Each structure stands twice: as structure tokens, then as C-alpha cells.
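Residue-level structure breakdown
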Amino acid sequence: MLEVRDFAIERSGLPVLSGLNFSVAAGDALILRGPNGIGKTTLLRTLAGLQEPSAGTCTFPPDEGAYASHADGIKTALTVQENLAFWGDVYGNAVPDAIWDWFDLGDLRDRFAGTLSAGQKRRVGLARLGVIGRKVLFLDEPTVSLDGFSVKLFTQFLRDQHLASGGIAVIATHIDLGLDEAETLDLTPFATSVSGATDSDEAFL
Amino acid sequence: MIALLLRDLRLATRAGGGFGLGLVFFLIVVVLVPFGVGPETEILSKIAAGILWVAALLAALLSLDRIFALDFEDGALTLIATAPIPLEAVGLAKAIAHWLTTGLALTVAAPVLGVLLQLPSGAYGFVALTLLLGTPALSMIGTFGAALTVGIRRGGLLLSLLVLPLYIPTLIFGAEAVRRGAQGLDATTPLLMLGGITAGAFAMLPFATAAVLRINLR
């Protein structure tokens, strides 16, 4: 269960979103929509704990959150297997054998990540989510540079593995994932009108 | 933390990892000095300890900006920051990995290269000992500096300017211990100070590193 109350966030000292209230039950996904710059990434980073909200609270089971950014964090000098094993070690999990099928990575297992295409790298980055075994996922544009088939694979993973086992996902995306049961939250009404002038003098630091 | 350390060591030894860069730089500086100063044995043997220390310090500096910058660029640092490893442990693991790939190699190479600089015979052991005691501090202070400049484009130069002044105490006591040792004097005090600086750096700087990383990742 993820619960967000009276949430307000800011980006480099400027308020971007405020008055956010939503909750996501175990096994559900929430899709964030809104034009570029509305604060989707900032919201996800704040939920994941990378920065503090300027007001409000966000509660979910402790030690269950995980964040996936635009960037994959894949090390090009390591093989696909080594990359995933590293995240497994960090989170104290073994790499599940099924992961190679979930993300169609079996053939790439021993390739150096530096030799992969952008879409293949993205799939490795998403496979990380299957390795770390966290219940509450904050996904920022997870389908960037994926082809239609891979998007389907990813949706399948989310539905059959993650959500089916009681996981929660908050996803910022511009495309249709085919995750029809997921609720959608349009962030536009929560945007804070920015007058440009704030009390903060951070801009001058 | 062990996983991160092992990953960094593996990355350092892979192609493009930069392992050995610092060592080769050290070798070249030490080889260049006799060309610049001239072959007089007396002058060389007087300045040998200082040259070895300054060269080791510059070699350690060379690979500092890779500590966090590479992980920052490919997004791994954000993911590590949200992973169940405290950022203090991340800083510590990074510093240890940096020391194992540069400081340790410099410690082993320095007495060998001392031959080129006519290092006095009594000083070989002291060069190795002071570098062993002092280079961990260089790595830890450097890791803190790297955390300060993470996210700044072309932060390498700024990093050098920030870190070099902080290296001064280590350099003073390291070189002083070798000088005293070479002359047969008692070197206990500078050695203790050197060890103290290293111990202090490892006691405090992981926390400072974590704090600046948190701010820079915001």
C-alpha cells in the first residue's frame, strides 16, 4: 500500500506540484501523465527518497521502494550477467533463472553491456527490477527506446510477476503500456503556477 | 558494500578502467626528474624522498575524478543511492577501491623506482612504510573531493584545486618521516601523525562524503 497525502514538491527551489493525494493498493499500478516539465521525474525522485518533499507525507512499507531512472546504470565494461549479479548482491538476492526469459536476454547473457543496442541495454536495466525483488517500484519512462515486442514483454513482467505478487508500480510514461487495469493520474491540475519570483535565494548561490 | 567494492575493482581492471594509469604516470614523473635535475648523485639522493612523495600524490590525484563521475553519468549512482547500502558505506567502498587500484600499487612501485633517484639506502623501507600509511588518506580525501564535484561538467580541474591543499599535511609528514629515517633519526612522531591523519580521514570523511552526495543527487 502506497499512500501520498498533501504532497508538494519542488525542483531546484521552485515549487512544481502541490496538493497531491493518492493511494495505490497492493497489486495495482498508477500511471502518471502530464506534459514535459510538469514534474513527473521530480515526483518519482521525491517518492523514492532522493529528495525531500516540501510538504506532505508519503508512506509505503519500509525497505520496499526502488527507483528506475531514464538512465539504466548499466556498466558497459561488465557482461549482462555481471551487471545483474551486482544488483542481486546489493539487494541480497540471487538472480532468478526465469529473468532471462522474462526479458528475452538469454542470448545476451555473456555479452559485454557496451556492445548492446540502446533497446537491449534498456531491457537489462528493466531486468534489474526483477532481480532486486522490491515491492514498490517508481519507474521513470521505462519504455524509452524499447520496440513494441519489448514493451509487451515488460508489461507482461509487470502484470504477471510484479503486480500479481502484490507489488505496486508508479509509472511515468507517454505511451500506452497496454496495462489497462492501471489507474491514470493526470498531473496537470496539480501544477503550481510559477510566477518566477520566490523567497528562496537559492538561485543566486 | 562488498558487492560495490568488488564491482569497482572488476571495472578498474577491465578495458578502459584506468588501472595502471596512475602507476605509469608515477613511473614517467620519476624517470623525468633526473633528466630535469641532472645526474648528480648527491642532489638526486637529497630530493629523492620528496620527489617520490609528490609524484605519488599527483598519481593518486589523476584517477580521482573517475570515482563518482562515471557512475553519475550512466545513472548508476542514483540507483546505488536508492539501494539498501548507506551512502557512508558507498563512500568508504569507493575510497578502498581507489586505494587498492592506485595507492597500493604506488606503495609497491616506489621503492623500486627509488633506485632511479639514488634514494639513500636507509630510506627504502621508510618510503614504502610512509606510502602504505599515507596513501589511504589520499584516497579517502580524494573520494570526498570527488563527491563534492560530482555532477559538475569538467569537474576534474576544480577537484584538483579542492583536494591538493587538503593533501598538504599528508605530504609534509610523509616526506619528513622518510627524511628522518634516511638520516638515521627517530621518525616515530611524523609516522604517528601520518597514521593519525589516515585514521581521522577514514573516521570522518565517509560521513562528509555521504552528506555531499545527498545534496548533489537532489
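Values in this document were obtained by computation on a predicted structure and should not be read as measured data. (Residues numbered from 1 in each chain as written. Chains lettered and ligands numbered in written order. Predicted model: local features only at pLDDT ≥ 70, side-chain atom pairs only at ≥ 80, totals over all residues. Heavy atoms only, no water.)

**Comments concerning the overall build of chain A**
- Looking only at helices and strands, chain A features five helices and eight strands.
- Put simply, chain A runs from its N terminus to its C terminus through helices and strands in the order β-β-β-α-β-β-α-α-α-β-α-β-β.
- Relative to the globule expectation of 17 Å for 205 residues, the C-alpha radius of gyration of chain A, 18 Å, shows essentially globular dimensions.
- Here chain A, with 205 residues, has 48% of them falling under the buried criterion.
- In chain A, the proportion of contacts linking residues at least 24 apart, taken out of those at least 6 apart, comes to 72%.
- Here chain A has roughly 9200 Å² of accessible surface; of this, 49% comes from carbon and sulfur atoms.
- Averaging the locations of the 16 positively and 27 negatively charged side chains of chain A gives two centres separated by 5 Å. (Helix = DSSP H or I, 4+ residues; strand = E, 2+ residues; numbered from the N terminus. Rg over C-alpha atoms; globule rule 2.2 N^0.38 Å. Buried < 20%, exposed > 50% of the residue type's maximum accessible area, 1.4 Å probe, protein only. Contact = heavy atoms within 4.5 Å. Areas by Shrake-Rupley, 256 points an atom, 1.4 Å probe, with all protein chains shown as cover. Lys, Arg positive; Asp, Glu negative; His and termini not counted. Charge placed at Lys NZ, Arg CZ, Asp CG, Glu CD.)

**Remarks on helix H6 (residues 87-114) of chain B**
Residues and elements named next belong to chain B.
- An ideal rise of 1.5 Å per residue puts 40 Å on 28 residues; H6 measures up with 39 Å between its terminal C-alpha atoms.
- Of all bends in H6, the biggest is about 40 degrees, found at Trp99.
- The buried count for H6 comes to 21 of 28 residues, which makes it a mostly enclosed element. (Expected span 1.5 Å × (residues − 1). Bend = angle between axes of the 7 residues up to and from the residue.)

**Quick word on the packing of aromatic side chains**
- Scanning all chains against the criterion turns up four aromatic pairs over all chains.
- For the pair Phe103 of chain A and Phe157 of chain A, a centre-to-centre distance of 4.9 Å together with 50 degrees between the ring planes defines the contact as tilted. Here Phe103 of chain A, found in the loop between helix H3 (99-102) and helix H4 (118-132), pairs with Phe157 of chain A, found in helix H5 (residues 148-163); they are 54 residues apart in sequence, far enough to count as distant.
- Feature note: the residues Trp102, Phe103 and Phe157 of chain A constitute an aromatic cluster, connected by ring pairs.
- Cation over ring: Arg128 of chain A sits above Trp87 of chain A, and NZ or CZ is 5.1 Å from the ring centre.
- One residue, Arg7 of chain B, lies across the ring of Phe86 of chain A, its end atom 4.7 Å from the ring centre. (Phe/Tyr/Trp six-rings, centres within 6.5 Å; stacked < 30°, edge-to-face > 60°. Lys NZ or Arg CZ within 6 Å of the ring centre and 35° of its normal.)

**Here's the deal with the interface of chain A and chain B**
- Contacts between the two partners involve 24 residues from chain A and, on the opposite side, 22 residues from chain B.
- Looking only at chain A, the three residues that lose the most surface to chain B are Leu50, Lys75 and Phe86 of chain A, adding up to 29% of its buried area.
- For the interface between chain A and chain B, the tally reads four salt bridges.
- Across the contact surface, chain A and chain B share six residue pairs in polar contact (both at pLDDT 80 or more).
- Looking at the side of chain A that touches chain B, the elements with two or more residues in it are strand S5 (65-68) and helix H2 (80-91) of chain A.
- In terms of residue count, the dominant contributor to the side of chain A that touches chain B is H2 of chain A (six residues).
- For the side of chain A that touches chain B, the class distribution of residues is 13 nonpolar, four polar and seven charged. (Buried area = accessible area lost by both parts, 1.4 Å probe. Salt bridge = Lys/Arg side-chain N within 4 Å of Asp/Glu carboxyl O. Polar contact = N/O pair within 3.5 Å; in protein donor to acceptor, adjacent residues only side chain to side chain. Nonpolar A, V, L, I, M, F, W, Y, C, P; charged D, E, K, R; others polar.)

**Here we look at the packing of helix H4 (residues 66-73) of chain B against H6 of chain B**
Residue and element names in this part refer to chain B.
- Packing of H4 against H6 brings their axes to within 10 Å, and their N-to-C directions diverge by 120 degrees. Taken as axis vectors, H4 and H6 run oblique relative to one another. Two secondary-structure elements touch here, H4 through Ile67, Phe68 and Asp71 and H6 through Val90, Gly91, Lys94 and His98.
- Across the contact of H4 with H6, the residue classes tally to three nonpolar, two polar and two charged. (Axes fitted to C-alpha atoms, helices over the stretch in contact; angles between N-to-C directions. Parallel < 35°, antiparallel > 145°, perpendicular 65-115°, else oblique.)

**Observations concerning the confidence of the model for chain B**
- Summary statistics for chain B give a mean pLDDT of 91 and a share of 100% for residues scoring 70 or more.
- Mean pLDDT values over the elements of chain B span from 88, in helix H1 (residues 2-13) of chain B, up to 95, in helix H9 (residues 188-216) of chain B. (pLDDT = per-residue confidence, 0-100.)

**A closer look at the sheet that holds strand S8 (residues 183-186) of chain A**
All names here are of chain A.
- The strand order S5-S6-S7-S3-S8 describes an open sheet built from five strands, whose pairing is parallel. Edge positions in the open sheet fall to S5 and S8, since each of these has one partner strand only. For this sheet, the mean angle separating the axes of adjacent strands, direction not counted, is 15 degrees.
- In the sheet, strand S3 (residues 29-33) pairs with strand S7 (residues 168-172) via four bridges, with the strands oriented parallel. Bridge pairing in S7 places Leu30 opposite Val170.
- Packed on one face of the sheet, helix H1 (residues 40-47) meets S3, S5, strand S6 (136-140) and S7 and runs near 155 degrees to S6.
- On top of the sheet, H5 reaches S3, S6 and S7; it is set at about 155 degrees to S7, its chief contact. (Pairing = 2+ DSSP bridges.)

**Comments concerning the environment of Ala105 of chain B**
Residues and elements named next belong to chain B.
- Position of Ala105 relative to the elements: it lies in helix H6.
- Judged by relative accessible area, which is 15%, Ala105 ranks as buried.
- In the structure, Ala105 is positioned 34 residues away from Asp71 in sequence and 23 Å away in space, judged by C-alpha atoms.

**So, the sheet that holds strand S4 (residues 55-59) of chain A**
All names here are of chain A.
- Spatially, S2-S1-S4 is the arrangement adopted by the three strands of the open sheet, whose pairing is antiparallel. Only two strands of the sheet have a single partner each, and these edge strands are strand S2 (14-24) and S4. Taken over all neighbouring pairs, the strand axes of this sheet differ in orientation by 25 degrees on average, direction set aside.

**Comments concerning the side chain of Arg122 of chain A**
All names here are of chain A.
- Mapped onto the elements, Arg122 comes out in helix H4.
- A relative accessible area of 4% means that Arg122 is categorised as buried.
- In terms of polar contacts, Arg122 uses its side chain to reach the backbone carbonyl oxygen of Pro142, at 3.2 Å.
- Setting aside residues up to four positions removed in sequence, Arg122 forms contacts with Ser69, His70, Ala71, Asp72, Asp140, Glu141, Pro142, Val144, Ser145 and Leu146.

**Points about the pattern of salt bridges**
- Under the definition given, this model contains 15 salt bridges over all chains.
- Two residues, Asp74 of chain B and Lys75 of chain A, come together in a salt bridge whose shortest N-O distance is 2.8 Å. In this pair, Asp74 of chain B sits in the loop between H4 and helix H5 (76-81) while Lys75 of chain A sits in the loop between S5 and H2, so the two residues belong to two different chains.
- Each of Lys75 of chain A together with Arg7, Asp8, Asp71, Asp74 and Lys94 of chain B takes part in one network of salt bridges that share partners.

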